[in-house]
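For reference, the chains in residue letters:
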Amino acid sequence: MKIPRIATAAGLLVLALTAPARAADAPSTPPPLQPLAGLDVPAYMGTWYQVAWFPNRFQKQCVSDTQAVYRQRDDGRIDVLNRCRLADGRFDDADGIARPAGSTLRDNRLAPATLEVSFLPALLRWIPAWGSYWVVALADDGRYAVVSEPQRQYLWVLARAPRLSAEDEATIRSLLTRQGYELSRWQAHPHTP
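This one's a predicted model, so the numbers in the text were calculated from it and none came from an experiment. (Residues numbered from 1 in each chain as written. Predicted model: local features only at pLDDT ≥ 70, side-chain atom pairs only at ≥ 80, totals over all residues. Heavy atoms only, no water.)

**Student:** Account for empty space enclosed by the protein, naming residues and giving values.
**Tutor:** The gaps left among the atoms become clear once a water-sized probe is rolled over them. Overall, the coordinates contain one cavity of 30 Å³ or more when judged by the stated rule. Size it by volume and the largest cavity reaches roughly 30 Å³. As for the largest cavity, its lining consists of V41, G76, I78, P100, L105, L110 and L115. Here the residues of the lining of the largest cavity are counted per class, giving six nonpolar, one polar and no charged. (1 Å grid on protein atoms, 1.4 Å probe; cavity = no way out; pocket = protein on both sides within 12 Å on 5 of 7 lines; lining within 4 Å. Points joined across faces, edges and corners; volume = space filled by probe spheres on them. Nonpolar A, V, L, I, M, F, W, Y, C, P; charged D, E, K, R; others polar.)

**Student:** I'd like a description of the nonpolar core, backed by residues and values.
**Tutor:** Of all hydrophobic cores here, the largest spans 21 residues; its most connected members are Y44, Y70, I78, Y133 and L158. Only α2 (41-44), β2 (46-53), β3 (64-72), β4 (78-85), β8 (114-118), β9 (131-138), β10 (144-148) and β11 (155-159) provide two or more residues apiece to this core. Once residues within four sequence positions are removed from consideration, Y44 is found in contact with L39, Y70, Y133, V135, L138, A145, V147, L158 and R160. (Core = buried A, V, L, I, M, F, W, Y, C linked by side-chain atoms within 4.5 Å. Buried < 20%, exposed > 50% of the residue type's maximum accessible area, 1.4 Å probe, protein only. Helix = DSSP H or I, 4+ residues; strand = E, 2+ residues; numbered from the N terminus. Contact = heavy atoms within 4.5 Å.)

**Student:** Can you break down the side chain of Q179 residue by residue, with the values?
**Tutor:** Within the secondary structure, Q179 sits in the loop between α3 (166-178) and β12 (187-188). Assessed through its relative accessible area of 18%, Q179 is described here as buried. Excluding anything up to four places from it in sequence, Q179 contacts P30, L33, V136 and R152.

**Student:** Which residues make up the sheet that holds strand β1 (residues 39-40), and what are the values?
**Tutor:** Spatially, β1-β7-β6 is the arrangement adopted by the three strands of the open sheet, whose pairing is antiparallel. Of all the strands in the sheet, just β1 and β6 (104-106) have a single pairing partner and so form its edges. (Pairing = 2+ DSSP bridges.)

**Student:** Can you break down the pairing of strand β5 (residues 91-100) residue by residue, with the values?
**Tutor:** In the sheet, β4 pairs with β5 via eight bridges, with the strands oriented antiparallel. The partner of D79 across the bridge, within β5, is I97. Counting the residues between successive antiparallel strands, the hairpin from β4 to β5 contains five residues, one of them, G89, with a positive phi of roughly 95 degrees. Looking at chain direction, β5 and β8 are connected through four bridges and run antiparallel. Bridge pairing links R99 to E116 in β8.

**Student:** Tell me what's going on with the pattern of salt bridges, and back it up with residues and numbers.
**Tutor:** Overall, the coordinates contain ten salt bridges when judged by the stated rule. Note that D65 is salt-bridged to R85, the shortest N-O span being 2.7 Å. Within this pair, whereas D65 is found in strand β3, its partner R85 is found in strand β4, the two being separated by 20 residues in sequence. Among the residues examined, R85 registers a relative accessible area of 23% and is labelled partly exposed. Here R99 ties to E116 by a salt bridge, and the two come within 2.5 Å at their closest N and O atoms. Here R99 is found in strand β5, whereas its partner E116 is found in strand β8, with 17 residues between them in sequence. The partly exposed category is assigned to R99, whose relative accessible area is 24%. (Salt bridge = Lys/Arg side-chain N within 4 Å of Asp/Glu carboxyl O.)

**Student:** Any chance you could break down α3 for me, citing the residues and the numbers?
**Tutor:** Here α3 is 13 residues long and its end C-alpha atoms lie 18 Å apart, about the 18 Å a rise of 1.5 Å per residue gives. Listing the buried residues of α3 in full gives D168, I172, L175 and L176. Angularly, the buried residues of α3 cover 95 degrees about the axis, an arc narrow enough to put them on a single face. Exposed side chains of α3 directed beyond 90 degrees from the buried face belong to A166, E167 and R178. Buried residues along α3 sit against β9, β10 and β11. In the segment just after α3, G180 is the residue with positive phi, at about 90 degrees. (Expected span 1.5 Å × (residues − 1). Arc of directions from axis to C-beta.)

The following block contains the structure:
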């Protein structure tokens, strides 16, 4: 049986018109995540409040008031103290250390802004249990930072104050969407006055 030429042409036209819609519906893989090109380490030190995050299993006990305090060491590493409030009102502290990962620390500038962090006890830090800590956004004046890792599974939005302005939150959400994050897991993290 011979297919009429007009039917073949019509079929091709239908395929041509529907192909872009099908391609647009297919999930796309975001490009690889890029950390900041550089980070002024001394300016990054101090206290940061976790104001939003993607909840994770290793912080599930933290109900509020999560903060991180960073202190630069002479050996190029960073002391990390994470603290959060538990459901019973007590605080939980975790001491860790961060070190450059795939980056160079020169003149107190880390390039790119990639670290790895461990919260294992000092005697066990030889175990390869270091997590990626990439600074992927930082406000020009340093009032907020966004930390993640290459697979975008973990996210922490840190600020120098316990709350973000609505404008800063909108800016961060827009930036993360452009960087391929699925923000349905975003949760604000409360701080008591």
